[in-house]
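Analysis of the macromolecular model
Here are the chains, one letter per residue:
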Amino acid sequence: MPDNHYAISQIKQITGAEGTIEKEYTISTLLTDSRRITNAAEGLFFALSGRRNGHEFIAEAYAMGVRNFVVKDHADMKMPEANFLRVDDVLAALQKLAAYHRGRFNLEVIGITGSNGKTIVKEWLYQLLSADRTIVRNPKSYNSQIGVPLSVWQISDKDDLGVFEAGISTTNEMPRLEAILRPSIGILTHIGPAHDEGFKDRAEKIREKLKLFDHSRLLVVNYEVLRDYEEAVTATEKFTWSTKFNQADLYVFAETVISRNYYLRAIYKGKEVECLVPFTDEASVENAVICWATMLAMGYTAVETDKRIEKLSPVSMRLELKNGINDCSVIDDSYNSDVQSLEIALNFLNQQNQHPKRTLILSDIYQSGLQPDALYKQVAEMIAAKKVDKFVGVGDALTARQDYFNVPEKHFFDDTATVLKYLNALNFDNETILIKGSRSFEFERISQALTLKAHETVMEINLNALLGNLNYYRSKLKPGVKVMAMVKAFSYGSGTFEVANMLQYNKADYLAVAYIDEGIALRQAGITLPVMVLNPEASAFDKLIEYKLEPEIFSFHLLDEFVRYAQLRGLNNYPVHIKIDTGMHRLGFEDHEIDILCDLLEVNNNIKVKSVFSHLVASDAPEHDDFTKKQIKLFDRAWKKIEEALGYKVIKHISNTSGITRWPQANYDMVRLGIGLYGIDSAIPEGAAGLQPIASLKTSISQVRKVKANDTIGYNRNGKLTQNGVIATVRIGYADGYLRAFGNGVGKMLVRGKLVPTVGNISMDMCTLDVTDADVREGDEVIVFNEQLKIEELARQIGTIPYEILTNVSQRVKRVYFYE
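All of the points below concern the structure found in this document. None of these values were measured; they are calculated from a predicted model.

Thoughts on the environment of Leu697
- With respect to the helices, strands and loops of the structure, Leu697 is situated in strand β31 (residues 695–707).
- Given a relative accessible area of 4%, Leu697 falls into the buried group.
- In this structure, the C-alpha to C-alpha distance between Leu697 and Cys291, residues 406 residues apart in sequence, is 41 Å.
- Discounting chain neighbours no more than four positions away, the residues touching Leu697 are Thr457, Val458, Met459, Ile732, Val782, Ile783, Val784, Phe785, Val809 and Val813.

Here it is as structure tokens:
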């Protein structure tokens, strides 16, 4: 078997589980979240209990194809061909399996723990050592009691080095992680106040963390920590570093900033060595010194180590410096928040000289170990010492103590949502902004709002808005009415499985696609909801059946083809959907054909009619209401005849997005929700509460230039300004979906909040804007459409419909999905 493939019977033996093996399976994937099922056929689901009881999601995991489960109690669980391994402690079983897997491989493992810097040091060691080692490491910051075993599961024979971080929040946790990792080399990073509240005191926390290295050969550690806690260190070799004590193995005695780099000089083995760190903030320099010490301890030469450290690239999780809106710089440190890391981040802020003003956006600080009054007095003193010009405090604790802060300009908000609401009023302009927040405050939303999305054309999809729209329409339905979500045409340009997964997780009843290949893509992405195919092709029936897709039957010819195929394949009661033409005159059986259709359906056992449906032509248009009523009447006549012939009930549906809004009497058993999911419904007045646009299309300015009056611009010399002015070339063209019809002043975009027109023809990859009256710069973000400049407005500009605008955004435009 491959390295991480185990028979389920073997896993039962490894974990000491009870239960009968109903069917033998090969397991290669460990699963802990029913919302993130991958490789279900070879998955083993651990029903962990924490904030949610994993046992409640077993049925959902089973429905997604998982057949193997580790549970605490399975008395009521009876599922065909499923294995339930019963254990006393599901988490312990996961860790035991990971420890067994780790024990099969004789690779060197570096174990990293500490209060801060674990992930950075891990990622930098990966950069530094991957040139000559095959390395396996934690994904992101998977350093918890669950994350570590999931990370270790990745180990294979090809790996000769593991680099794993481990985090704890209280006593008696580290021995469990040590038993899994068994590191031969240990690294203790910066020790600060994070998680102090889980321990009696700081000393107890350090001793608990040192337990990760109980069986390590080598420990890389700060000299002062080893001096103070030597009795807790069992490693046979110790390599120490320090910036204060020359007794350390690596004594860093000089630090100099040279051209945005930190030049370090140190004594190692009695000789002077040097290292150039491509960062200047205190946190990065300390982490780099730890990496420097680690490489020397592992036997790398001082020269080779220096050469590699010079090439380190930043890890985006912490203290990320980015270009911001309105000529600002943004330091994104929204990953965590404690007093120690705040001081380091403020030091970094203080180094920034590119703007005249320094701003701090800070959330309440959790888990500091201090009483609130003492904590925020200390924070206020730090901010004053670092000469912060503008302070934005977010949270109840900061707001209650705003008098503590003596800052030239200060603002306080209860929560992040309120900050975002009033963000424009804070007038960020030409300043360096440090964003520092506890995870629960979701400060990444503020970072997103303040960061300039330069050098790339991106369509951002807000999955929360999509969910809000789904729930908006659900609120209009009677209990029991199902929802079929239309995800055809790349979900109206918004994505495939990204959108479908959200719909599946939130219990949509059906999905619908235009063609079989779209349905296949959903199945391959793990979507298990029933999927109706609106335009099936006989040449792809094999794939339709293989992927359990359900065809729309809209003509006698298609019915005959599918029935003959079903007979040849020996299919019985295969689900199909019957389309009735009540006035669209596109696809479907007409009124005069229903009796013959009933005769054919009545004697056929190869197919089973799941639904009968039709399509409203003008459900959004009051002037065509009489025609809509006629359609509903024809549909009623058709489905009644079909149900009578079949002798069983079918799902009936005719309402589309606008039909849900305007024709509640036509909602029947199910509705088909299409463009409304994406925030557009022509039956709802613009500006009315309820729907939220989910998509924003953004690009950026490549170049700004002055042009003289009547100089021509673009292909065919069609563009010109009537007076001297300024134009900006932006990175979007008709190959991206911005149609040629928008050229020559028809289309408009938002730059720095100002609406500016196109000038000249739209090119394949770019177009030009008249920015004479706007103060813009190269790299500025440009809005093609968003919640302010709506898709509906773009459609009006060129005389089309929002559907066309949304679906025309090409696949080369990167989609970015946000879920809060």
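Let's talk about helix α19 (residues 516–524)
- Those residues of α19 that fall on the buried side of the exposure criterion are Ile516, Gly519, Ile520, Leu522 and Arg523. Each buried residue of α19 lies within a common arc of 160° when the element is viewed along its axis, so the set occupies one face. What points out from α19, more than 90 degrees from its buried face, is the exposed set Asp517 and Gln524.
- One or two steps after α19, the chain reaches Gly526, where phi turns positive at roughly 90°.

Focus on helix α6 (residues 174–181)
- Turning to α6, its buried residues are Met174, Leu177, Glu178, Ile180 and Leu181. The buried residues of α6 all sit within an arc of 160° when viewed along its axis, so they share a single face.

Some words on the sheet that holds strand β3 (residues 29–31)
- Strands sit in the order β3-β4-β5-β6 across an open sheet of 4 strands; the sheet is parallel. The sheet terminates laterally at β3 and β6 (83–86), the two strands that pair on one side only. The mean angle between the axes of side-by-side strands here comes to 25°, regardless of whether they run parallel or antiparallel.
- Bridge count for strand β4 (residues 43–46) against strand β5 (residues 68–71) is 2 bridges, and the pairing is parallel. Residue Phe45 lies in a different strand from β5, and its bridge partner there is Phe69.

Points about the pattern of salt bridges
- Under the criterion given, the structure shown has 38 salt bridges.
- A salt bridge links Asp228 to Arg227; its shortest N-O distance comes to 3.0 Å.
- Judged by its relative accessible area of 43%, Asp228 is partly exposed.
- Put simply, Arg752 and Asp780 hold a salt bridge, and the shortest N to O gap is 2.8 Å. Note that Arg752 is positioned in the loop between β35 (748–751) and β36 (754–757) and Asp780 in the loop between β37 (767–770) and β38 (781–785), a separation of 28 residues in sequence.
- Accessibility expressed as a relative area gives 7% for Asp780, which makes it buried.
- A network of salt bridges, in which partner residues are shared, links Glu108, Arg133, Asp160, Arg217 and Glu237.

Describing the nonpolar core
- Grouped together as the largest cluster of nonpolar side chains are 109 residues, with contacts concentrated most on Leu503, Leu511, Ile578, Ile642 and Phe785.
- Ignoring anything within four residues of it in the chain, the contact list for Ile578 reads Ile553, Phe589, Leu597, Leu601, Val609, Ser611, Val612, Phe613 and Ile642.
- By size, the runner-up hydrophobic cluster in this structure holds 40 residues, among which are Leu161, Ile185, Phe239 and Leu250.

Describing the pairing of strand β15 (residues 271–277)
- As paired elements, strand β14 (residues 261–268) and β15 share 7 bridges and run antiparallel to each other. Bridge pairing in β15 places Tyr263 opposite Leu276.
- The loop that links β14 with its antiparallel partner β15 comprises 2 residues; one of these, Lys269, has a positive phi angle of about 55°.

Things to note about empty space enclosed by the protein
- The full count for this structure, using the stated rule, is 1 cavity of 30 Å³ or more.
- Within this model, the largest cavity holds a volume of roughly 40 Å³.
- What lines the largest cavity is Leu697, Gly737, Tyr738, Phe742, Val784, Phe785, Leu794, Ile805 and Val809.
- When grouped by side-chain class, the residues that make up the lining of the largest cavity number 8 nonpolar, 1 polar and no charged.

So, the pairing of β14
- Pairing of strand β13 (residues 250–258) with β14 involves 8 bridges; the strand directions are antiparallel. Across the sheet, Ala254 pairs through a bridge with Arg265, a residue of β14.

Some words on the packing of helix α22 (residues 594–602) against helix α23 (residues 625–646)
- The geometry of α22 relative to α23 is characterised by a closest axis approach of 9 Å and an angle of 25° between their N-to-C directions. Between α22 and α23, the crossing angle belongs to the class labelled roughly parallel. The element α22 and its partner α23 pack so that their crossing is right-handed. Where α22 abuts α23, its residues Ile594, Asp595, Leu597, Cys598, Leu601 and Glu602 lie against Ala638, Lys641, Ile642, Ala645 and Leu646.
- For the contact of α22 with α23, the per-class residue count stands at 8 nonpolar, no polar and 3 charged.

A short note on the packing of aromatic side chains
- Throughout the structure, instances matching the rule amount to 20 aromatic pairs.
- A centroid spacing of 6.1 Å and a plane angle of 65° characterise the contact between Tyr6 and Tyr100, whose relative ring orientation is edge-to-face. Of this pair, Tyr6 sits in strand β1 (residues 6–7) while Tyr100 sits in helix α3 (residues 90–103); the two residues are 94 residues apart in sequence, bridging distant segments of the chain.
- Here Tyr6 falls in the buried class, since its relative accessible area comes to 1%.
- Given a relative accessible area of 37%, Tyr100 falls into the partly exposed group.
- Between Phe541 and Phe562 the ring centres are 5.1 Å apart and the planes differ by 90°, which places this aromatic pair in the edge-to-face class. Of this pair, Phe541 sits in helix α20 (residues 541–546) while Phe562 sits in helix α21 (residues 556–569), and the two are 21 residues apart along the sequence. As far as burial versus exposure is concerned, Phe541 and Phe562 are alike and both buried.
- When the ring centre of Tyr126 is taken as origin, the NZ or CZ atom of Arg137, which lies over that ring, is 3.6 Å away.
- The ring of Trp639 is capped by Lys652, whose NZ or CZ atom sits 4.7 Å from the centre of that ring.

What counts, and at which threshold
Residues numbered from 1 in each chain as written. Predicted model: local features only at pLDDT ≥ 70, side-chain atom pairs only at ≥ 80, totals over all residues. Heavy atoms only, no water. Helix = DSSP H or I, 4+ residues; strand = E, 2+ residues; numbered from the N terminus. Buried < 20%, exposed > 50% of the residue type's maximum accessible area, 1.4 Å probe, protein only. Contact = heavy atoms within 4.5 Å. Arc of directions from axis to C-beta. Pairing = 2+ DSSP bridges. Axes fitted to C-alpha atoms, helices over the stretch in contact; angles between N-to-C directions. Salt bridge = Lys/Arg side-chain N within 4 Å of Asp/Glu carboxyl O. Core = buried A, V, L, I, M, F, W, Y, C linked by side-chain atoms within 4.5 Å. 1 Å grid on protein atoms, 1.4 Å probe; cavity = no way out; pocket = protein on both sides within 12 Å on 5 of 7 lines; lining within 4 Å. Points joined across faces, edges and corners; volume = space filled by probe spheres on them. Nonpolar A, V, L, I, M, F, W, Y, C, P; charged D, E, K, R; others polar. Parallel < 35°, antiparallel > 145°, perpendicular 65-115°, else oblique. Left-handed = near helix turned anticlockwise from the far one by under 90°. Phe/Tyr/Trp six-rings, centres within 6.5 Å; stacked < 30°, edge-to-face > 60°. Lys NZ or Arg CZ within 6 Å of the ring centre and 35° of its normal.

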